[in-house]
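Below, each chain spelled out in residue letters.
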Amino acid sequence: MSTHEPSLAPNFIRQIIANDLKTDKHKGRVATRFPPEPNGYLHIGHAKSICLNFGMAIENNGTCNLRFDDTNPEKESDEYVQSIMRDVQWLGFSWSELRHASDYFEQLYGYAVVLIEKGLAYVDSLSAEQIRAYRGTLTEPGKPSPDRDRPIAENLDLFQRMRAGEFADGQYVLRAKIDMASPNINMRDPAIYRIRRVHHQRTGDAWCIYPMYDYTHCISDALEHITHSLCTLEFEDHRPLYDWVLEQVETPSHPQQIEFARLQLEYTIVSKRKLNLLVTEKHVNGWDDPRMPTLAGLRRAGVTPKAIRDFCERIGLTKQNSWIEMGVLEYCIREDLNENALRVMAVLAPLRVVITNYPDGQTENLEISNHPQRHELGKRSVPFAKTILIEQDDFAENPPPKYKRLVLGEEVRLRGSYVIRCHEVVKDADGNITELRCSYDPDTLGKNPEGRKVKGVIHWVSEAHALPAEIRLYNRLFSVPQPDNEANFLDALNPNSLEVLSDCRIEASLAEATGEHRYQFERTGYFCLDTVDSVDGKKVFNRTVTLRDGWVKD
RNA sequence: UGGGUCGUCGCCAAGCGGUAAGGCACGGGGUUUUGAUCUCCGCAUACCAAGGUUCGAAUCCUUGCGACCCAGCCA
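Because the structure is a prediction, the values reported are computed rather than measured.

Remarks on the protein's contact with RNA strand B
Residues in contact with RNA strand B amount to 72 residues; listed here are only the nearest, Thr-71, Arg-196, Arg-343, Arg-415 and Gln-520. The share of sugar and phosphate among atoms of RNA strand B within 4 Å of the protein is 66%. In this structure, a sugar or linking oxygen belonging to RNA strand B sits 3.1 Å away from a side-chain N or O atom of Asn-321. Asp-549 is positioned with one of its side-chain polar atoms (N or O) 3.5 Å from a sugar or linking oxygen of RNA strand B. Put simply, the parts of the chain that give the surface near RNA strand B at least two residues each are α5 (128–134), β6 (191–195) and α12 (326–340). Counting residues per element, the surface near RNA strand B draws most heavily on α12, which supplies 4 residues. In terms of residue class, the surface near RNA strand B is built from 25 nonpolar, 23 polar and 24 charged.

The following block contains the structure:
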């Protein structure tokens, strides 16, 4: 089986970097950063950015820092910091340096003083509402605040006293003095510092003023000597501000901001607010619920880091707003799991089958390959006995056309075992099928019967040896491709996103199942052990993804 | 009706003036003790539209049309 890495497709950022390297723009350096705000869990959309930033660094022998953009303590917490570090590492990346925007608070303050001294920033006493009113609209220019021409010395004094805690939250704000008539609203004297008496998860109560994103991000990038500052499209019209700040203050470098389109995946949402709502209103069971598009959720569902990395490479990188079909992610998951998952048998909805001509009390330990192609993965022993369990769906009294499983009077192959023929259907008083009575052909173990072909192959477990298990079948969380477009995204929740099967039977070898392994329950899908909810005597398995089903029913 | 960005196959996406890569999806054939995998084949005379430049245009120019983003003391 091939394990070749997908070839690295050209994309506009790779081209820019390659060109910068060629022209020696940054002395051969490539330095990127992944800059999450610790206000939520990382999701599949972040994965695209992580793979991009770390990927560019790895490909070019550069560096990539993990930098927490922790300038708004109201929404941030250490829980998120910890989860983000864990998820980045789980995805397979190691940061060059761990940084925090809050590491730069003192320097940021110093640069702000410089801005004031240069007459490029002023302390404004307008309220938030007034600032909004003064800002103008998309088609009308804004008008200057009465404080816009406050003398430098006064600004300096006020800003120092803002830091010292002399004023109430919201009483003053420091604004960059740029252009109230700019067609780019971001340039209409944006606020760069606000007063907030909020405990910061890292700096504690050392500060009561906090710098804003636009002011902080560019300087943080510059202080870290980032060469390529990669961000999403919505920051495109913030770029003039990014550049303006770095042109006014003397930072050690001036990184280039490059914007790309964020990931939009069908049947999911990635808005932090909405994900948070799903968790707090208990529409899902936590941030790591396998239905969540969070990395924690994908991990618990059994999705591998490799599959996600492959996905992020496959979807490409452009400036076009686009929607990726779920099928692409599923393909990537299946591709990895097909190659690496151990094959085992599990019966989700059991139907008893008695092999009438098999000796009472006899058990055969059949050696069955753990992988049909990769024989180096070895074999396992699977007990076979007179009474076995098969899937209810694998027997039909009135089979549809082209049905190739078990029907009355016909034969079917038991995976890794014998060919059996069904002779009798046993029913209860209500007409429900309770048992099948079959015979086996002793001469079909490891070979085809002579003179006839048996098309169907079904999975099974020995009733006496099988272990009970709970199997959770996960389906897409939403029933429409773009839940964000709904008036209320909660209305688009798929009511059948989780089916819990609590009375399944799994083959005995799974007694030793661990969370490290991925399994293919033959013919039903890929599963992994849920290490959180499994208990002694009853293991819980999560379905990662179904097997592709090419059976076109007529 | 201000500014920014984007329009190539159902969904992504190469292409950078020399005559439409690739992947997913889909359809069909073969192998198969998983209706899986694997494998073979098919799948845009056409690049938002209309003009223009050129021997030659998805690529250059013009004019339209459509979509997305921006008026937080969020990031």
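There is more to say, and it comes next.
Description of the domain arrangement of chain A
The domain boundaries assigned to chain A delineate domain 1 (105–213), domain 2 (266–340 + 467–506 + 524–554) and domain 3 (350–462). Just the C-alpha atoms count here: the centres of domain 1 and domain 3 sit 75 Å apart.

Overview of the UniProt feature "domain: tRNA synthetases class I (E and Q) anti-codon binding" (unreviewed entry) in chain A
Look at the UniProt record and you will see "domain: tRNA synthetases class I (E and Q) anti-codon binding" (unreviewed entry) annotated at residues 457–530. In residues 457–530, the share of helix is 0% and the share of strand is 41%. The end C-alpha atoms are 28 Å apart.

Quick look at the pattern of salt bridges
According to the stated counting rule, one finds 48 salt bridges in the structure shown. With a shortest N-O distance of 3.2 Å, Glu-313 and Arg-14 are connected by a salt bridge. Taken together, the residues Glu-313 in helix α11 (residues 305–314) and Arg-14 in helix α1 (residues 12–22) connect sequence positions 299 residues apart. What makes Glu-313 partly exposed here is its relative accessible area of 24%. One continuous salt-bridge network, built from bridges that share partners, spans Asp-288, Arg-300, Glu-470, Arg-472, Asp-530 and Asp-533.

Let's talk about the side chain of Asp-124
Its place among the elements puts Asp-124 in strand β4 (residues 121–124). By relative accessible area, which is 0% here, Asp-124 ends up buried. Side-chain polar atoms of Asp-124 contact the side chain of Arg-175, separated by 3.1 Å. What Asp-124 contacts, discounting residues up to four positions off in sequence, is Ile-131, Ser-145, Asp-147, Gln-171, Tyr-172, Val-173 and Arg-175.

Procedures and definitions
- Residues numbered from 1 in each chain as written.
- Chains lettered and ligands numbered in written order.
- Predicted model: local features only at pLDDT ≥ 70, side-chain atom pairs only at ≥ 80, totals over all residues.
- Heavy atoms only, no water.
- Near = heavy atom within 4 Å.
- Polar contact = N/O pair within 3.5 Å; in protein donor to acceptor, adjacent residues only side chain to side chain.
- Helix = DSSP H or I, 4+ residues; strand = E, 2+ residues; numbered from the N terminus.
- Nonpolar A, V, L, I, M, F, W, Y, C, P; charged D, E, K, R; others polar.
- Domains from an automatic or database assignment.
- UniProt positions renumbered as here; feature names shortened; annotations may be inferred.
- Salt bridge = Lys/Arg side-chain N within 4 Å of Asp/Glu carboxyl O.
- Buried < 20%, exposed > 50% of the residue type's maximum accessible area, 1.4 Å probe, protein only.
- Contact = heavy atoms within 4.5 Å.

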